[in-house]
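Fold and geometry: a report
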Amino acid sequence: MIHVTLFIFADEMIKEMENDCRNCPFNSKAATTLSDGNFDQLSANHLVLGFKRGDSIIKQGMYSTNVVFLRTGLAKIHLQGPYHEQIVRVVKSPTYLGLPTTFGDKINQYSVTAVTNAEVCFIDVKVFQSILNGNRDFSNEIILELCKNELESFRRCANRTQKLIRGNMADALLDFSDHIFQSDTFTIPLSQAELANLVDTSRESVSRILAEFDKDGIIKMTGKKIEIMNKKSLKLISQNG
């Protein structure tokens, strides 16, 4: 009986530690500014859920009641336009999702879908707002992230509309290499149709351009696995559009 009691106590201790946001290995830079009291608030008012590839994390048009934090995995941000759905960007963990909507009109203006298996933390929005109001450093870090994301969105919009398809494809591959995977060898997490949507072209054009890059020795392609062989040339294609 004593051994059973000890095992139960140990199990409860492990669960309590896992639920304590202080012990989260996926905390954002903003979390480094939190006080013990802030961590206590978050620990008592969050829920972590697992999502499989293709699962919807945020749905466009739905009411937003939580701050959403992507702990692990990759996700695509996409929205329904007047004619078709548009993939805006692929994001990697750890990062907040949907903050402009959460603190704006409360209705999700875009969708977020897992493109790999992912873990997501849902935080009560009132608790999050309370921490923002009481912790100036935390608020500053959140504002900096929002500003960075907005500027990145402007840059991507200009590139998409002004560059040719080869330039946009080079941008996508460099983004996967430098920002998403931080490696010159990676597996594209999107289908060819999704990749075509991301760079505003057809699936056939994606296939043709990737084959051209492969033939020219810029990349080595094996199925969905990409190895960048000549990054300098890829950057030149990106710069020249």
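Now for a description of the structure that goes with this document. What you are looking at is a predicted structure, and each value in this text was computed from that prediction instead of being measured. (Residues numbered from 1 in each chain as written. Predicted model: local features only at pLDDT ≥ 70, side-chain atom pairs only at ≥ 80, totals over all residues. Heavy atoms only, no water.)

**Observations regarding the pattern of salt bridges**
- Under the counting rule described, the total for this entry stands at 13 salt bridges.
- Between Asp 40 and Arg 22 there is a salt bridge; the shortest N-O distance is 2.7 Å. A residue pair is termed long-range when its members are at least 10 positions apart, and Asp 40 in helix H2 (residues 36-44) and Arg 22 in the loop between helix H1 (2-19) and H2 qualify at 18 residues.
- Take Asp 40: its relative accessible area is 43%, and that puts it in the partly exposed class. (Salt bridge = Lys/Arg side-chain N within 4 Å of Asp/Glu carboxyl O. Helix = DSSP H or I, 4+ residues; strand = E, 2+ residues; numbered from the N terminus. Buried < 20%, exposed > 50% of the residue type's maximum accessible area, 1.4 Å probe, protein only.)

**Quick look at the packing of aromatic side chains**
- Counted by the stated rule, this structure contains seven aromatic pairs.
- Relative to Phe 122, the ring of Phe 51 lies with its centre 6.2 Å away and its plane at 50°, an arrangement referred to as tilted. You can see Phe 51 sitting in strand S1 (residues 46-51) and its partner Phe 122 sitting in strand S8 (residues 118-124), a full 71 residues away along the chain. Taken individually, Phe 51 and Phe 122 each receive the classification buried, so the pair is uniform in this respect.
- Ring centres 6.3 Å apart and planes at 45° place the aromatic pair Phe 176 and Phe 181 in the tilted group.
- Judged by its relative accessible area of 30%, Phe 181 is partly exposed.
- What links up through ring pairs into an aromatic cluster is the set Phe 69, Tyr 96, Phe 128 and Phe 138. (Phe/Tyr/Trp six-rings, centres within 6.5 Å; stacked < 30°, edge-to-face > 60°.)

**Quick word on H2**
- All of the buried residues along H2 are Asn 38, Phe 39, Leu 42 and Ser 43. One face of H2 carries all of its buried residues, which in axial projection span an arc of 135°. (Arc of directions from axis to C-beta.)

**Structural notes on the sheet that holds S1**
- Strand order across the open sheet formed by four strands is S1-S8-S3-S6, with antiparallel pairing between neighbours. Looking at strand neighbours, the two that pair on one side only are S1 and strand S6 (95-97), the edges of this open sheet. Along the sheet, successive strands turn relative to each other by an average axial angle of 30°, direction set aside.
- Running at roughly 75° to S8, helix H4 (residues 125-134) makes contact with strand S3 (66-72), S6 and S8 of the sheet. (Pairing = 2+ DSSP bridges. Axes fitted to C-alpha atoms, helices over the stretch in contact; angles between N-to-C directions. Contact = heavy atoms within 4.5 Å.)

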